[in-house]
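Structural overview for review
The lines below spell out each chain.
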Amino acid sequence: MAAHLSYGRVNLNVLREAVRRELREFLDKCAGSKAIVWDEYLTGPFGLIAQYSLLKEHEVEKMFTLKGSRLPAADVKNIIFFVRPRLELMDIIAENVLSEDRRGPARDFHILFVPRRSLLCEQRLKDLGVLGSFIHREEYSLDLIPYDGDLLSMESEGAFKECYLESDQTSLYHAAKGLMTLQALYGTIPQIFGKGECARQVANMMIRMKREFTGSQNSIFPVFDNLLLLDRNVDLLSPLATQLTYEGLIDEIYGIQNSYVKLPPEKFAPKKQGDGGKDLPTEAKKLQLNSAEELYAEIRDKNFNAVGSVLSKKAKVISAAFEERHNAKTVGEIKQFVSQLPHMQAARGSLANHTSIAELIKDVTTSEDFFDKLTVEQEFMSGIDTDKVNSYIEDCIAQKHPLIKVLRLVCLQSVCNSGLKQKVLDYYKREILQTYGYEHILTLHNLEKAGLLKPQTGGRNNYPTIRKTLRLWMDDVNEQNPTDISYVYSGYAPLSVRLAQLLSRPGWRSIEEVLRILPGPHFEERQPLPTGLQKKRQPGENRVTLIFFLGGVTFAEIAALRFLSQLEDGGTEYVIATTKLINGASWLESLMEKPF
Amino acid sequence: MNRTKGDEEEYWNSSKFKAFTFDDEDDELSQLKESKRAVNSLRDFVDDDDEDDLERVSWTGEPVGSISWSIKETAGNSGSSHEREQLKNRNSFSTYAQLPKPASAYSLSSFFRGRTRPGSFQSLSDALSDTPAKSYAPELGRPKGEYRDYSNDWSPSDTVRRLRKGKVCSLERFRSLQDKIQLLEEAVSMHDGNVITAVLIFLKRTLSKEILFRELEVRQVALRHLIHFLKEIGDQKLLLDLFRFLDRTEELALSHYREHLNIQDPEKRKEFLKTCIGLPFSAEDSAHIQDHYTLLERQIIIEANDRHLELAGQTEVFRKHPRKASILNMPLVTTLFYSCFYHYTEAEGTFSSPVNLKKTFKIPDKQYVLTALAARAKLRAWHDVDALFTTKVLQEYVNLVEDVDTKLNLATKFKCHDVVIDTCRDLKDRQQLLAYRSKVDKGSAEEEKIDALLNSSQIRWKN
């Protein structure tokens, strides 16, 4: 059980259990002892739905990561490859299988494609002469993985590139399938809203899939009131800005992978007296971050500037609780105190960890360079000096700061100016190519194709209109006790979330003009329900909206949505789904050209 | 797809879908089948594919055919496969008898002709499909169920539906262009990239390039999938042909250029980059591509030279500061840094001199001074740093002096050539400029600048 998945308005444990069941069934098909050979990328997402214990119950005795040449020795009957359908992985599998044949007792090979079998991959296996060696070749449709009580992700790293650069709809197809799965478990979603080309396509696929499935009516009482499909390219701005929530900053600085973060170990060394700090741990400290941890759930979505005070308050509460032991006089009192100890100690451990993380982050956020970068970002987002070469960006290039950082700023400037003046664009391009290498021409072209870095066409800058109408820039932001979503970027209100907010109240009709400026169509579809399943909302009962970000979502945007969910008079609670959890760096990274 | 099996959950019991779920029966059935298969080595030839009996539809709208399916799959690995291989091999005179054969009946693969990788094993059915009995030969010895593809007349939409469910399905029967296009359109309307690609592979194999391109030109979604597919399998040649056909010249150029990333050998990479010059890039990019080539060409010369110098051990700077890495494939600014570090004092004529790099690649002053400063400071060549600073910083300060005469005096005194020259120009004082010409180095950039001014017809000199 993953209890934290059932805390939310929608019990996502139901989904988790469904995918676990499917996994068990596959494992049982390969009777006897087994070894799993993992595509390393998959171990993270799988970790969220099953521990090794589950695999062990089904006779998985060994686990390896997929590597070239021979498989490590293992005395098992079955070898199962868990892989993504990628051609280069097929080559490695073939190598494994071919070198296996020559020695030892024959073993049964199986392959499990996640999330989908691919005819192309099977062809490659066939070309390599090993296709027939596999007994079971199946797919495991792990389309949407529950990350937290209100968060689902497909963790498809290439989704944005596929959708917006290559116009490959495969990941949209998976998104639609994932949504069908959700509807099968949580009931038909009566209303679908969307904005963007991909959103339109996913809605079309869903409607078509529903039509094709004429077998039976879904008889589940609907949990979701509506679905909002949003294209990432409707809001290219938000991921480019530096996230300023606690969780967002952890992700920006250390990168959260499948809800785990790896941190420098020094700050986490156990403080023992007389230790002299001799044995500092050298291995990165790995922590899981999710709402199962009470303290984390409380502070993750706060602006980082508001985290310190919460931590110090908690510290006082906990030390006061420990002090209570002096007041415990009677046996009964002592007993009661002792019974609370485990909880108190867990709380203390959690507090120690987050105090350390906050210190690490503070080192970064108080640096001069971080401040300078943020200043430039905020200038751009509020519309200042977006049409000329920025001296901070120039300096970053001259000092050879990481290319990703430079690209992120240049793209931000471009997006906040509806494209750069040709002269400015050419200047940046030239500087980047001379400093980082001419081969990045390819990456720059990708960014242009995605609309992130482009020349201004028609000499018109639409951003100010969008900014004003949607109130994207708020001057009076309250980081401690926020009253608006703009707190997550200390001033900038993420466009994507603003769209969601306005949809729920007063409706998109009020912003038709801006919607027309933003790329792609906006639409509304209804999926009729039989009368028995129609919901009669109690007065004061919130609606539940599933919001699906096609092409990725950031932690700051998630925080903004959670803020809206918690508003007393908000009227809407959100469950968030996405193709991938991203931040500006990981996102641009996925658009960079690398050797084949 | 087998989501609905083993549904001990309450959910299922409370839902209407019960009728579509599997129960234990199926597992027993599959076990039974497995054992049956084990004892009957000829089963593959006679077994009927009874998947229709087993077919169920799950709540996702997918049929759950995995059990019968997997049995069919396992057939390839059972004892019978060996015999069957022998049979096949005898028939086809294959020379690959000793290799494990994809004996499975599944997958369109026998109809696909993906890239035959160098050194990979050409599969048996591929070899067979080149024989005159093209569409039937590969099916010899397949389970009877397969033949249904031929006897039953699957429509394009049925076929696509089956493909989507991962079923065996022949595309060979679609012979006319019209049928093939209809098949493609069905696949596109399903939005399933996997299936679209499968159909495209079939079309790619059975249609001439010209017809394929012509048909795809008016079908953008399919076209994009083909481009993606060609990139994925690395069929650069067809991809370039396609871009040429579509007249997408810039993409053609970029796609060609991209290939250099895969060439490790510097000499070969250089030669390849040479083929990129003159391709239809945008004007801006053309200049960058030319520079990329020139830079690598220079780097190869510098690298050979410096490796030699370093090994000889006669040059102090290489002895004191051995090179950490080769300069090959480094960015321009890094190369400039390197050249400021190891070749600072060289005359402009040599390829490795910083001034030569600055000129060839039109590196802006600011960039040049910054890089040179960093390099010289790293070497603790404070004298050079001083000189760079003096010219640069003094120049800026001198320029701020308002009184023109004082400015000119100071600039002359501190050899801020640019300031003197610019001031003379602004004063339109030809004589003073002419006189100053003798104070700058022969053949220097300053001398050139003065000459250019003196010869200019744009300036109306006062004397």
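Just so you know, the residues in each chain are numbered from 1, in the order the chain's sequence is written. Chain letters and ligand numbers both follow the written order, the letters beginning at A and the numbers at 1. Restriction of local features to residues with pLDDT of at least 70 applies here, the model being predicted, together with a cutoff of 80 or more for giving and counting side-chain atom pairs; totals for whole chains, interfaces and linings are based on all residues. Excluding hydrogens and water, the side-chain values take into account all heavy atoms of the structure.

Chain B is annotated in an unreviewed UniProt entry as Spermatogenesis-defective protein 39 homolog from Bos indicus.

If you check an unreviewed UniProt entry, chain A appears there as Vacuolar protein sorting-associated protein 33A from Bos indicus x Bos taurus. UniProt positions are given in the numbering used here, feature names are shortened, and annotations may be inferred rather than shown by experiment. Looking at chain A in UniProt, the text filed under Sequence similarities (unreviewed entry) is "Belongs to the STXBP/unc-18/SEC1 family."

1. Focus: the pattern of salt bridges
It is possible for side chains of opposite charge to pair when their charged atoms get near one another. All names here are of chain A. We define a salt bridge as a side-chain nitrogen of Lys or Arg found within 4 Å of a carboxyl oxygen belonging to Asp or Glu. For the structure on display, the rule yields 61 salt bridges over all chains. Across the salt bridge formed by Asp-150 and Arg-562, the nearest N and O atoms sit 2.8 Å from each other. Here the residue Asp-150 occupies a position in the loop between strand 6 (145-148) and strand 7 (151-153), and Arg-562 occupies one in helix 22 (residues 555-566), the gap between them amounting to 412 residues. Between Arg-408 and Glu-252 there is a salt bridge, and its shortest N-O distance comes to 2.9 Å. Of the two residues, Arg-408 sits in helix 16 (residues 403-415) while Glu-252 sits in helix 10 (residues 246-254), which places them 156 residues apart along the sequence. Salt bridges here are not isolated pairs; linked through shared partners, they connect Asp-148, Asp-150, Glu-247, Arg-300, Asp-301 and Arg-562. Under the DSSP-based scheme used, a helix requires at least four consecutive residues in state H or I and a strand at least two consecutive residues in state E, with every element numbered from the N terminus.

2. Here's the deal with the pairing of strand 8 (residues 191-195) of chain A
All names here are of chain A. Each residue is assigned to one of three classes by its accessible area relative to the maximum for its type, calculated with a 1.4 Å probe on protein chains only: buried under 20%, partly exposed between the two thresholds, exposed over 50%. For strand 8, the tally of buried residues reaches 5 of 5 residues, placing the bulk of the element in the interior. Where burial is concerned, the two faces of strand 8 agree: the one with Gln-191, Phe-193 and Lys-195 and the one with Ile-192 and Gly-194 are both buried. In this scheme, strands are said to pair when DSSP sees at least two bridges between them. As paired strands, strand 8 and strand 9 (residues 226-231) are joined by 5 bridges and run parallel to one another. The partner of Phe-193 across the bridge, within strand 9, is Leu-228. Bridge analysis of strand 8 against strand 13 (residues 522-526) gives 5 bridges, and the strand direction is antiparallel. Within strand 13, the position partnered with Phe-193 by the bridge is Glu-524.

3. Let's talk about a nonpolar patch on the surface
Patch rule: a residue counts if its relative accessible area is over 30% and it has no salt bridge; like charges are joined within 9 Å, and nonpolar side chains (Val, Leu, Ile, Met, Phe, Trp, Tyr) within 5 Å. Only the protein chains shown count as cover for residues, and the accessible areas themselves come from Shrake-Rupley with a 1.4 Å probe. A contiguous nonpolar surface patch, about 440 Å² in accessible area, is contributed by B:Phe389, B:Val393, B:Tyr397 and B:Leu400. Examined against the element boundaries, B:Leu400 turns out to sit in helix 22 (residues 382-400).

4. A short note on the side chain of B:His256
Within the element layout of this structure, B:His256 appears in helix 15 (residues 249-258). We define a polar contact as two N or O atoms separated by no more than 3.5 Å, with the added condition that, inside protein, one atom must be a possible hydrogen donor and the other a possible acceptor, whereas residues neighbouring each other in sequence contribute only through side-chain atom pairs. Here B:Thr275 takes part through its side chain, which lies 3.1 Å from a polar atom of the side chain of B:His256.

5. Digging into the domain arrangement of chain B
Just so you know, the domain bounds were taken from an automatic or database domain assignment. The assigned domain composition of chain B is domain 1 (156-247), domain 2 (266-388) and domain 3 (392-455). Domain 1 of chain B and domain 2 of chain B are separated by 48 Å when their C-alpha centres are compared.

6. Let's talk about the sheet that holds strand 13 of chain A
Residues and elements named next belong to chain A. With respect to topology, 7 strands assemble into an open sheet ordered 6-7-15-14-9-8-13, the strand pairing being mixed. Unpaired on one side and paired on the other, strand 6 and strand 13 mark the two borders of the sheet. Within the sheet, the average angular offset between the axes of one strand and its neighbour, ignoring direction, is 20°. Contact criterion: two residues are considered in contact whenever any of their non-hydrogen atoms come within 4.5 Å of each other. Working convention: axes come from line fits to C-alpha atoms, limited for helices to the stretch in contact. Angles between N-to-C directions cover 0 to 180 degrees. Here helix 8 (residues 197-212) sits on the sheet in contact with strand 8, strand 9, strand 13 and strand 14 (543-550), set at roughly 140° to strand 9.

7. Things to note about the packing of aromatic side chains
The relative placement of two aromatic rings is captured by the distance of their centres and the angle of their planes. Residues and elements named next belong to chain A. Pairs were defined over the aromatic rings of Phe, Tyr and Trp, the Trp ring being its six-membered one, requiring ring centres within 6.5 Å. Orientation was assigned from the angle between planes: stacked under 30 degrees, edge-to-face over 60, tilted for the rest. Applying the stated criterion to the full structure yields 22 aromatic pairs over all chains. On the basis of an interplanar angle of 20° and a centroid distance of 6.2 Å, the ring pair of Phe-81 and Phe-109 is categorised as stacked. Placement of Phe-81 in strand 3 (residues 78-83) and of Phe-109 in strand 4 (residues 108-113) is noted, with a sequence separation of 28 residues between them. Judged by its relative accessible area of 4%, Phe-109 falls in the buried class. Note on Phe-160 and Tyr-164: the rings are 4.6 Å apart at their centroids and 35° apart in plane angle, and the pair reads as tilted. One end of the pair is Phe-160 and the other is Tyr-164, both in helix 6 (residues 159-164) and 4 residues apart, which spans about a single turn. Taken individually, Phe-160 and Tyr-164 each receive the classification buried, so the pair is uniform in this respect. Three or more aromatic residues link up through ring pairs in this structure, and these residues are Phe-26, Trp-38, Phe-46, Phe-82 and Tyr-140.

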